[in-house]
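For reference, the chains in residue letters:
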Amino acid sequence: MMDSKPSFFKPTNHRNNRRAPWHDYTGRSLYMLTFTCEEQRPDLSTIVDYRGNIQTIPTRLGLEIESEIINLPRYHSEVKLYDYVIMPDHIHVIIFVERVLPRPLGMILTGFIGACNRHYSCLFSVAFSNKLFKQGFHDRIIMRPGQLDTCRRYVKDNPYRLAIKRRYPDLFRRYTRLLIGDSEFAAYGNIFLLRDFDRQQVIVHRADSAEARKTNECRWLACADNGGVLVSPFISPDEKAIRDKAIKIGGRIIVIRNESFEKRFKPHGREFDLCAQGRLLLLAPWRDKLRRSKVSRAESLYMNSLAEKICYYEGAIKLIP
């Protein structure tokens, strides 16, 4: 984010406990629910690596929380429990509301949160006003075919991802203010990619001839194959195709994003794997923009200009406290 924001810049506010105003929270539906602990709360579990098999072992408090999760269908017969994982500072729960609920889902889960708070209060002799979980919860509505399997894999892989992040913390670090020349960014990933001597911008213009596109693609993929770094917002389908080919051959990339990073931002899927391998850096030129939106032409031009600037910049990279 530069001191003088672009004319099209509009900051957005984002809440972690998302709700869908168009959705009926009493009707039949599948959900992945996330409950996050308040700061400085006891761990709910520990991560152990048993002969390469990474697992979570619930603490005493975690066992009490697990009991409440398992008993959700007992207290609410309309709810079926599909899967869950108890992480040190949060839990994920996948449920299926099989029949119409007598009250909205949020009201039902208030009872679950209250029970968890009571266990925390009793075990650690703290006032009940000291809550275990942050206010609200994050709900992801599972609607499309295949989403349930994706969510269940995500829940199952949570301990592995945390173990990898702890093993390679510098590759999963979020930087609030990173100064490149006179441009300020929020960043996530391997900032050492900015120091590679061979950084090339990927940009495909509509006016490019077929021959020019082929020549550029060969040049960019050669860069990726030889250990260089490709830099781009990767907006157009042609640019995304170059990105995918570069990743497939082991290339490293810097992506200019049109949204910044929440406090608890975590890369998923392919982005997580690339971070673990030190092959990805995400840059956001506006710290205050936290909601994904369609990229306008002005934003596209601006992000491409930043990609070009990053490729030619040879000065120091500064971290601002």
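As shown above, the structure is provided for reference.
Nothing here was measured: the structure is a model prediction, and the numbers come from that model.

Calculation rules
- Residues numbered from 1 in each chain as written.
- Predicted model: local features only at pLDDT ≥ 70, side-chain atom pairs only at ≥ 80, totals over all residues.
- Heavy atoms only, no water.
- Pairing = 2+ DSSP bridges.
- Helix = DSSP H or I, 4+ residues; strand = E, 2+ residues; numbered from the N terminus.
- Buried < 20%, exposed > 50% of the residue type's maximum accessible area, 1.4 Å probe, protein only.
- Contact = heavy atoms within 4.5 Å.

Peer 1: I'd like a description of the pairing of strand 3 (residues 53–58), backed by residues and values.
Peer 2: Sheet topology places strand 2 (residues 45–50) next to strand 3; six bridges connect them, and they run antiparallel. Within strand 3, the position partnered with Val-48 by the bridge is Gln-55. Between the end of strand 2 and the start of strand 3, which pair antiparallel, lie two residues, with Arg-51 showing a positive phi angle near 55°.

Peer 1: Please give an account of the environment of Asp-208 that cites residues and values.
Peer 2: Turning to its location among the elements, Asp-208 is positioned in the loop between strand 9 (199–201) and helix 5 (210–225). Overall, Asp-208 belongs to the partly exposed group, its relative accessible area being 21%. In contact with Asp-208, other than residues within four places in its own chain, are Ile-203, Arg-213 and Asn-216.

Peer 1: Before we move on, can you summarise the pairing of strand 8 (residues 183–189) with the specific residues and values?
Peer 2: Where burial is concerned, most of strand 8 is hidden: seven out of the seven residues are buried. The pairing of strand 7 (residues 174–180) with strand 8 spans five bridges and is antiparallel. Bridging from a neighbouring strand, Leu-178 pairs with Phe-185 of strand 8. Between strand 7 and strand 8, which pair antiparallel one after the other, the connecting turn spans two residues, and Gly-181 there sits at a positive phi close to 65°. Two elements, strand 8 and strand 12 (residues 280–284), share four bridges in a ladder whose sense is antiparallel. Bridge pairing in strand 12 links Ala-187 to Leu-283.

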